[in-house]
Amino acid sequence: MSLQRKCCLKSSAGPSQLAGAACDAVLRVGGAQFPIHKALLSHSSDFFRVMFQRWSAPDQTLFTVSGVSADTMGSMIHFLYSGSVSVRDDNVWNLLQAADYFNVSDMMQACCAHLAEQLCLESCIHLWKFTKSIHPPPPVHGKAFTFIMSHFQELMSSEDFVQLSVQELSVFLEGDQLNIRKERVVFEAIVRWIGLDPGQRGRHMAELLSKVRLALMPLDFIRCEVLTNELVQRDADSLNMVKDAIRTINHILIRPKVRGFRNLPARPRLPNVAMLACGKVTGRFPFNIIMAYDICVDHWVTLSSTLPHRRFYYGVVFLNGFLYCVGGHIAYEITNRVHRFNLSSHTWQEVAPMTDHRYDPAVTVLSGAIYALGGSDGSHKLRSAECLRPEENQWRSIAPMNECRSETSCTAFQNKIYVFGGYNGSHILRSGECYNPKRDQWTLLRPMMWRRAGLGVVANTERVYAVGGRDGQQVLSTVEAYNPRTRAWRTVSPMAKPRQYFGVAVVEDILYVVGGFNGRSFTNRVESYNTQADTWSLTSNTKNLRGAWGCCSVSGLPNMADYLFPRDSLPSLPLWDRRVRVRKQTARYGASVQ
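Residues numbered from 1 in each chain as written. Predicted model: local features only at pLDDT ≥ 70, side-chain atom pairs only at ≥ 80, totals over all residues. Heavy atoms only, no water.

> I'd like to hear about the overall build of the protein chain, residue by residue, with values.
Counting its regular elements, the protein chain contains 17 helices and 32 strands. Taken along its principal axes, the extent of the C-alpha atoms in the protein chain is 100 × 80 × 45 Å. Looking at the protein chain residue by residue over its 594 residues, the buried ones come to 53%. Contacts in the protein chain between residues at least 24 apart in sequence constitute 58% of all its contacts with a sequence separation of at least 6. When the accessible area of the protein chain is evaluated, it comes to approximately 27400 Å², of which 49% is carbon and sulfur surface. (Helix = DSSP H or I, 4+ residues; strand = E, 2+ residues; numbered from the N terminus. Buried < 20%, exposed > 50% of the residue type's maximum accessible area, 1.4 Å probe, protein only. Contact = heavy atoms within 4.5 Å. Areas by Shrake-Rupley, 256 points an atom, 1.4 Å probe, with all protein chains shown as cover.)

> Tell me about the packing of aromatic side chains, and name the residues and values.
Within the structure shown, the criterion is met by 31 aromatic pairs. Each ring, one from Phe152 and one from Phe161, has its centre 5.7 Å from the other, and the planes form 80 degrees; the classification is edge-to-face. Relative accessible area serves as the criterion here: at 2%, Phe152 is assigned to the buried category. Ring geometry for Phe341 and Trp348: centres 5.0 Å apart, planes at 35 degrees, overall tilted. (Phe/Tyr/Trp six-rings, centres within 6.5 Å; stacked < 30°, edge-to-face > 60°.)

> Quick rundown of the pairing of strand S8 (residues 299-302)? Include the residues and the values.
In this structure, strand S7 (residues 290-294) lies alongside S8, joined through four bridges in antiparallel fashion. In the strand pairing of S8, Asp294 is matched with His299. Linking S7 back to S8 in an antiparallel pair, the connection comprises four residues, with Asp298 at a positive phi of about 55 degrees. (Pairing = 2+ DSSP bridges.)

> Could you give me a rundown of the layout of surface pockets, with the residues and numbers involved?
By volume, the largest pocket is sized at about 1200 Å³. Lining the largest pocket we find 40 residues, and of these Arg181, Leu216, Arg259, Ile295 and Cys296 sit closest to its centre. Elements represented by at least two residues in the lining of the largest pocket include exactly helix H16 (236-253), strand S29 (510-514), strand S30 (526-530) and strand S31 (535-538). For the lining of the largest pocket, the per-class residue count stands at 24 nonpolar, seven polar and nine charged. The computed volume of the second largest pocket comes to approximately 800 Å³. Lining the second largest pocket are 37 residues, with Val316, Val363, Cys410, Val504 and Cys551 positioned closest to its centre. For the lining of the second largest pocket, the secondary-structure elements that each account for two or more residues are strand S10 (315-319), strand S16 (362-366), strand S20 (409-413), strand S24 (456-460), strand S28 (503-507) and strand S32 (548-555). (1 Å grid on protein atoms, 1.4 Å probe; cavity = no way out; pocket = protein on both sides within 12 Å on 5 of 7 lines; lining within 4 Å. Points joined across faces, edges and corners; volume = space filled by probe spheres on them. Nonpolar A, V, L, I, M, F, W, Y, C, P; charged D, E, K, R; others polar.)

> Give a description of the packing of helix H11 (residues 184-195) against helix H14 (residues 219-226) that names residues and reports values.
Put simply, H11 and H14 touch, their axes get as near as 11 Å, and they point 10 degrees apart. As far as their axial angle goes, H14 and H11 are roughly parallel. Relative to H14, H11 is oriented so that their crossing is right-handed. Contacts between H11 and H14 pair Arg184, Phe187 and Glu188 from the former with Phe221, Glu225 and Val226 from the latter. Per-class residue counts for the contact of H11 with H14 are three nonpolar, no polar and three charged. (Axes fitted to C-alpha atoms, helices over the stretch in contact; angles between N-to-C directions. Parallel < 35°, antiparallel > 145°, perpendicular 65-115°, else oblique. Left-handed = near helix turned anticlockwise from the far one by under 90°.)

> Residues and numbers for the environment of Arg451, please.
The residue Arg451 is located in the loop between strand S23 (441-445) and S24 in this model. According to the relative accessible area criterion, Arg451 is partly exposed, its value standing at 40%. For the pair formed by Arg451 and Glu188, sequence separation is 263 residues and the distance between their alpha carbons is 49 Å. Apart from the residues within four sequence positions on either side, Arg451 is in contact with His427, Ile428, Leu429, Arg430, Arg470, Asp471 and Leu476. Only 3.0 Å separates the side chain of Arg451 from the backbone oxygen of Ile428, close enough to count as a polar contact. (Polar contact = N/O pair within 3.5 Å; in protein donor to acceptor, adjacent residues only side chain to side chain.)

> An account of H16 is needed here, citing residue identities and associated values.
The terminal C-alpha atoms of H16 lie 26 Å apart, and with 18 residues this matches the ideal 26 Å at 1.5 Å per residue to within 8%. Here H16 starts with a cap whose side-chain oxygen sits 3.3 Å from the backbone nitrogen of Asp237, and that cap is Asp235. (Expected span 1.5 Å × (residues − 1).)

> Could you give me a rundown of the sheet that holds S16, with the residues and numbers involved?
Strand order in the open sheet formed by four strands is S16-S17-S18-S19, with antiparallel pairing between adjacent strands. Looking at strand neighbours, the two that pair on one side only are S16 and strand S19 (394-398), the edges of this open sheet. Adjacent strand axes in the sheet meet at a mean angle of 25 degrees when their direction is disregarded. Note: strand S18 (residues 385-389) against S19, five bridges, orientation antiparallel. Across the sheet, the residue bridging to Ala385 is Ile398, located in S19.

> Which residues make up the sheet that holds S7, and what values do they have?
What the four strands build is an open sheet, ordered S8-S7-S6-S32; its pairing is antiparallel. Every other strand in the sheet has two partners, leaving S8 and S32 as the edge strands with one partner each. Neighbour-to-neighbour, the strand axes of this sheet turn through a mean angle of 30 degrees, independent of strand direction.

Here you go:
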């Protein structure tokens, strides 16, 4: 659907100054003529100022302009006189090209603002290529670059992708922020790009292959796909790079605890998603630390920003670039206060408070709204629930749950909210229910196989998982999965250790549990669960900090690198460094150097 924008950027030499003056020149564009005032156009555009003052005689009144249509010229002249222009999908590119050619910066800004709002797979490469020629490049140029890096794998099949020059393609391939699930995708992209014209483009194989993190690929793929590639086979430099990568992989295999090196062949790219963990409590005391987990290098990063108040047992969610901290204890009083952290500017802001004071509420995000369920107000366990739309900045009560629930957990899945377990003040629950926001209605579900309080509930692929917690007699390591389609539970592999009051989040289809209480003490242990393989693995622990955590995944940030482990701080590959030194010495002193 066409989007129309009115830009009201007024020229300081407006038409009011020339209200009584007759036009002193005419622009001829195709078969159309436009009476104009030289002074106004000269003031608004360097192009016209030079044309009127240097490229023509002082008494010349008729000027022929080429390279632009009469409609586009009419829109631009209307803008120069009125300060407004109608920017639509069907004219934005013509207007932008004209604004760039005639150096009308205000109209260029209006066009770029429209294109930034309409940024998509079909337009991003063309927009990036066009705006890189503008000096200085407008902000939309950087937005287009980030969009391409974030959607690289989807763009590989587009016509614009194969039309990139080798220099342009190299800019994308060499960046740490290139967002891909597997490094083999980069090699496949190179093969596709070369395939458009193998005769001419094949000579760039070594140049492009040097941008690939070859040591991050599976050995089987290198041997079966890369080494057997005809262009690689014919190029000595490419073959040497691949053989070096194989030696590097073998070196890495004897150091399995190291997940990345700073050297380019084994340098992990930056993921587009990270997990944030907010400390809720350590021992009996609250702490306000925030940590970020980098899934690609298995490293935790302690952020310099902390919570504005020491609070514990609060809810944590991520929405639209903000981390929200909901309810809990502040100054040892149960609160309804809500704070949010701007992950781009690193600043805190207090937003509208909840209707109810809630200790340890269950929170989740669904369709752009934050939901807070149950918890305790200090005297009673709560059935009540409410939601916040950030643009309204006002909490609204929704239908109460069927049961009072504190120490519970919830998740959003298939346009509904699922909540399971918890403590109702007298016993630990097996029951669960789901909320339909369209009907504002809760529906009871088939009970879990175990009673659980202090559990984690999270959705991934086709199931909702209930993890850990306690049943009243012991802390649990068991995990069960609920299928909303069949309305049935089944057990899956248990965690290595029991825990309750832990953080839980899904990052790129892997389920993570962080910290918690094991029945005797708080732990810093972190485990991850692969739902496809039904296996649990140990990951890097949260340093020496033991406690309960609130976790959520964050993505789409313009400053994503702030929440990831710096690649230049990764260890160096001694084997790689030695080969580089030998090659440099060989090039300088001759082949006799060993």
